[in-house]
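# Observations on the three-dimensional arrangement
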Amino acid sequence: MEGEVEIKVSAETFHDVFSCRPHHISNMSPAKIQNVDLHEGDWGKPGTVITWSYVHDRVAKIAKEVIEAIDDAKLSTTFKVIGGDITTEFKECKIIVQATPKGEGSCLAHWTLEYEKLNENVPDPHTLLEFCIHVSKDVEEHHLARATNRRTGMNYRFQCPAAVV
(Lines give C-alpha, C1' and ligand atoms only; values in the text may rest on other atoms or scores of the structure.)
Protein backbone atom coordinates (compact mmCIF):
# COMPACT_ATOMS: atom_id res chain seq x y z
CA MET A 1 0.00 0.00 0.00
CA GLU A 2 1.43 3.37 -1.00
CA GLY A 3 0.71 7.05 -0.62
CA GLU A 4 2.51 10.33 -1.04
CA VAL A 5 2.20 14.00 -0.34
CA GLU A 6 4.07 17.02 -1.60
CA ILE A 7 5.60 19.06 1.21
CA LYS A 8 7.60 22.28 1.39
CA VAL A 9 10.68 20.69 2.95
CA SER A 10 13.80 19.72 1.05
CA ALA A 11 14.11 16.01 0.32
CA GLU A 12 17.45 15.90 2.17
CA THR A 13 15.98 17.49 5.31
CA PHE A 14 12.92 15.24 5.31
CA HIS A 15 15.10 12.16 4.84
CA ASP A 16 17.40 13.33 7.65
CA VAL A 17 14.46 13.60 10.06
CA PHE A 18 13.37 9.99 9.58
CA SER A 19 16.77 8.36 9.04
CA CYS A 20 18.87 10.25 11.57
CA ARG A 21 16.58 12.07 14.00
CA PRO A 22 13.26 10.26 14.46
CA HIS A 23 13.42 11.24 18.14
CA HIS A 24 12.79 14.86 17.03
CA ILE A 25 9.49 14.01 15.37
CA SER A 26 7.64 14.25 18.69
CA ASN A 27 8.54 17.97 18.66
CA MET A 28 7.29 18.32 15.08
CA SER A 29 4.09 16.29 15.45
CA PRO A 30 3.28 16.32 19.19
CA ALA A 31 -0.42 15.49 18.79
CA LYS A 32 0.46 12.27 16.96
CA ILE A 33 3.94 11.24 18.16
CA GLN A 34 4.52 11.44 21.91
CA ASN A 35 8.02 10.00 22.04
CA VAL A 36 10.62 7.98 20.17
CA ASP A 37 13.00 6.04 22.42
CA LEU A 38 16.32 4.45 21.51
CA HIS A 39 16.59 0.83 22.71
CA GLU A 40 19.79 -0.31 21.08
CA GLY A 41 22.20 0.99 18.50
CA ASP A 42 22.83 4.57 17.46
CA TRP A 43 20.58 7.17 15.86
CA GLY A 44 21.05 7.21 12.12
CA LYS A 45 22.40 3.66 11.82
CA PRO A 46 20.79 0.54 10.33
CA GLY A 47 20.11 -2.08 12.99
CA THR A 48 19.06 0.50 15.56
CA VAL A 49 15.97 -0.47 17.59
CA ILE A 50 13.52 2.28 18.54
CA THR A 51 10.07 2.48 20.10
CA TRP A 52 7.48 4.99 18.95
CA SER A 53 4.78 6.14 21.38
CA TYR A 54 1.97 7.57 19.27
CA VAL A 55 -1.76 8.21 19.01
CA HIS A 56 -3.51 6.53 16.09
CA ASP A 57 -7.29 6.45 15.65
CA ARG A 58 -7.54 8.30 19.01
CA VAL A 59 -5.80 5.44 20.84
CA ALA A 60 -2.37 5.60 22.48
CA LYS A 61 -0.16 2.94 20.93
CA ILE A 62 3.46 1.80 20.70
CA ALA A 63 5.51 0.35 17.87
CA LYS A 64 8.90 -1.25 18.37
CA GLU A 65 10.90 -1.08 15.16
CA VAL A 66 14.33 -1.81 13.81
CA ILE A 67 15.78 0.59 11.27
CA GLU A 68 16.36 -2.01 8.60
CA ALA A 69 17.88 0.20 5.92
CA ILE A 70 18.95 3.77 5.27
CA ASP A 71 19.66 4.66 1.66
CA ASP A 72 21.11 8.17 1.48
CA ALA A 73 21.33 8.01 -2.33
CA LYS A 74 17.61 7.24 -2.71
CA LEU A 75 16.70 9.29 0.41
CA SER A 76 14.77 6.36 1.90
CA THR A 77 14.51 4.73 5.30
CA THR A 78 12.99 1.31 6.00
CA PHE A 79 11.53 0.46 9.40
CA LYS A 80 10.58 -3.13 10.26
CA VAL A 81 7.97 -3.50 13.01
CA ILE A 82 9.13 -6.06 15.60
CA GLY A 83 6.72 -5.39 18.46
CA GLY A 84 3.86 -3.30 19.78
CA ASP A 85 0.27 -2.72 18.77
CA ILE A 86 0.77 -3.24 15.03
CA THR A 87 1.80 -6.85 15.69
CA THR A 88 -1.66 -7.61 17.13
CA GLU A 89 -3.05 -7.42 13.59
CA PHE A 90 -0.08 -7.96 11.30
CA LYS A 91 2.36 -10.83 11.12
CA GLU A 92 4.86 -8.68 9.20
CA CYS A 93 4.95 -4.94 8.63
CA LYS A 94 7.56 -2.70 7.02
CA ILE A 95 7.23 1.04 6.66
CA ILE A 96 9.35 2.67 3.98
CA VAL A 97 9.57 6.43 3.69
CA GLN A 98 11.29 8.04 0.72
CA ALA A 99 11.79 11.70 -0.14
CA THR A 100 11.97 12.69 -3.81
CA PRO A 101 13.14 16.22 -4.65
CA LYS A 102 10.46 18.33 -6.36
CA GLY A 103 11.57 21.84 -7.04
CA GLU A 104 13.62 24.03 -4.75
CA GLY A 105 12.87 23.35 -1.09
CA SER A 106 10.06 20.85 -1.78
CA CYS A 107 9.74 17.11 -2.04
CA LEU A 108 7.33 14.24 -2.41
CA ALA A 109 7.12 12.23 0.80
CA HIS A 110 6.34 8.71 -0.42
CA TRP A 111 5.21 6.07 2.08
CA THR A 112 5.04 2.34 1.41
CA LEU A 113 3.49 -0.15 3.83
CA GLU A 114 4.42 -3.77 3.19
CA TYR A 115 2.43 -6.06 5.41
CA GLU A 116 1.00 -9.50 6.01
CA LYS A 117 -2.24 -9.70 7.98
CA LEU A 118 -2.64 -12.19 10.81
CA ASN A 119 -5.97 -13.23 9.26
CA GLU A 120 -8.42 -12.17 6.54
CA ASN A 121 -10.63 -10.28 9.03
CA VAL A 122 -7.92 -7.66 9.65
CA PRO A 123 -8.58 -4.53 7.57
CA ASP A 124 -5.89 -3.07 5.35
CA PRO A 125 -3.95 -0.37 7.22
CA HIS A 126 -5.40 2.62 5.32
CA THR A 127 -5.63 4.72 8.49
CA LEU A 128 -1.99 3.99 9.31
CA LEU A 129 -0.97 5.22 5.87
CA GLU A 130 -3.08 8.37 6.39
CA PHE A 131 -1.39 8.83 9.77
CA CYS A 132 2.05 8.73 8.10
CA ILE A 133 0.93 11.30 5.50
CA HIS A 134 -0.33 13.60 8.29
CA VAL A 135 2.95 13.29 10.18
CA SER A 136 4.70 14.37 6.95
CA LYS A 137 2.52 17.48 6.86
CA ASP A 138 3.35 18.17 10.52
CA VAL A 139 7.07 17.97 9.68
CA GLU A 140 6.42 20.49 6.89
CA GLU A 141 4.55 22.87 9.21
CA HIS A 142 7.36 22.65 11.78
CA HIS A 143 10.03 23.50 9.20
CA LEU A 144 7.97 26.33 7.71
CA ALA A 145 7.55 27.80 11.20
CA ARG A 146 11.31 27.52 11.74
CA ALA A 147 11.93 29.34 8.47
CA THR A 148 9.56 32.11 9.58
CA ASN A 149 11.37 32.33 12.93
CA ARG A 150 14.70 32.72 11.13
CA ARG A 151 13.30 35.58 9.07
CA THR A 152 12.06 37.25 12.24
CA GLY A 153 15.37 36.86 14.05
CA MET A 154 14.74 33.72 16.10
CA ASN A 155 17.62 31.26 15.74
CA TYR A 156 17.28 27.48 15.78
CA ARG A 157 19.63 25.00 14.12
CA PHE A 158 18.88 21.47 13.04
CA GLN A 159 21.80 19.33 11.90
CA CYS A 160 22.53 15.65 11.61
CA PRO A 161 25.73 14.62 13.40
CA ALA A 162 28.69 14.55 11.04
CA ALA A 163 29.61 11.05 12.24
CA VAL A 164 26.49 9.49 10.71
CA VAL A 165 27.34 7.42 7.66
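Described below are features of the structure shown in this document.

About the cut-offs
Residues numbered from 1 in each chain as written. Predicted model: local features only at pLDDT ≥ 70, side-chain atom pairs only at ≥ 80, totals over all residues. Heavy atoms only, no water. Phe/Tyr/Trp six-rings, centres within 6.5 Å; stacked < 30°, edge-to-face > 60°. Helix = DSSP H or I, 4+ residues; strand = E, 2+ residues; numbered from the N terminus. Buried < 20%, exposed > 50% of the residue type's maximum accessible area, 1.4 Å probe, protein only. 1 Å grid on protein atoms, 1.4 Å probe; cavity = no way out; pocket = protein on both sides within 12 Å on 5 of 7 lines; lining within 4 Å. Points joined across faces, edges and corners; volume = space filled by probe spheres on them. Nonpolar A, V, L, I, M, F, W, Y, C, P; charged D, E, K, R; others polar.

## Some thoughts on the packing of aromatic side chains
Where two aromatic rings form a pair, the distance of their centres and the angle of their planes describe that pair. Applying the stated rule across the entire model yields five aromatic pairs. Ring centres of F18 and W111 lie 5.3 Å apart, and the angle between their planes is 85 degrees; on these two criteria the pair is classed as edge-to-face. With F18 in helix α1 (residues 11-20) and W111 in strand β7 (residues 107-117), this pair connects stretches of sequence that are 93 residues apart. Taken together through their ring pairs, the aromatic side chains of F14, F18 and W111 make up a single cluster.

## A short note on unusual backbone geometry
One non-glycine residue, R58, lies in the positive phi region at around 65 degrees. In this fold, R58 is placed in the loop between β3 (49-56) and β4 (59-71). At L75, a residue that is not glycine, the phi angle is positive and equals roughly 55 degrees. As for its position among the elements, L75 is in the loop between β4 and β5 (76-84). The exposure class of L75 is buried, given its relative accessible area of 12%.

## Focus: the layout of surface pockets
Estimates place the volume of the largest pocket at around 250 Å³. Sorting elements by how many residues they give to the lining of the largest pocket places helix α3 (residues 126-151) first, with three residues. Looking at side-chain class alone, the lining of the largest pocket contains six nonpolar, four polar and five charged residues.

## Quick look at empty space enclosed by the protein
All chains considered together, the criterion is met by one cavity of 30 Å³ or more. By volume, the largest cavity amounts to about 200 Å³. Forming the walls of the largest cavity are 14 residues, and the residues nearest its centre are W52, E65, I95, F131 and C132. Mapped by element, the contributors of at least two residues to the lining of the largest cavity are β3, β4 and α3. Looking at the lining of the largest cavity, the element that brings in the most residues is α3, giving four residues. Split by residue class, the lining of the largest cavity holds 13 nonpolar, no polar and one charged.

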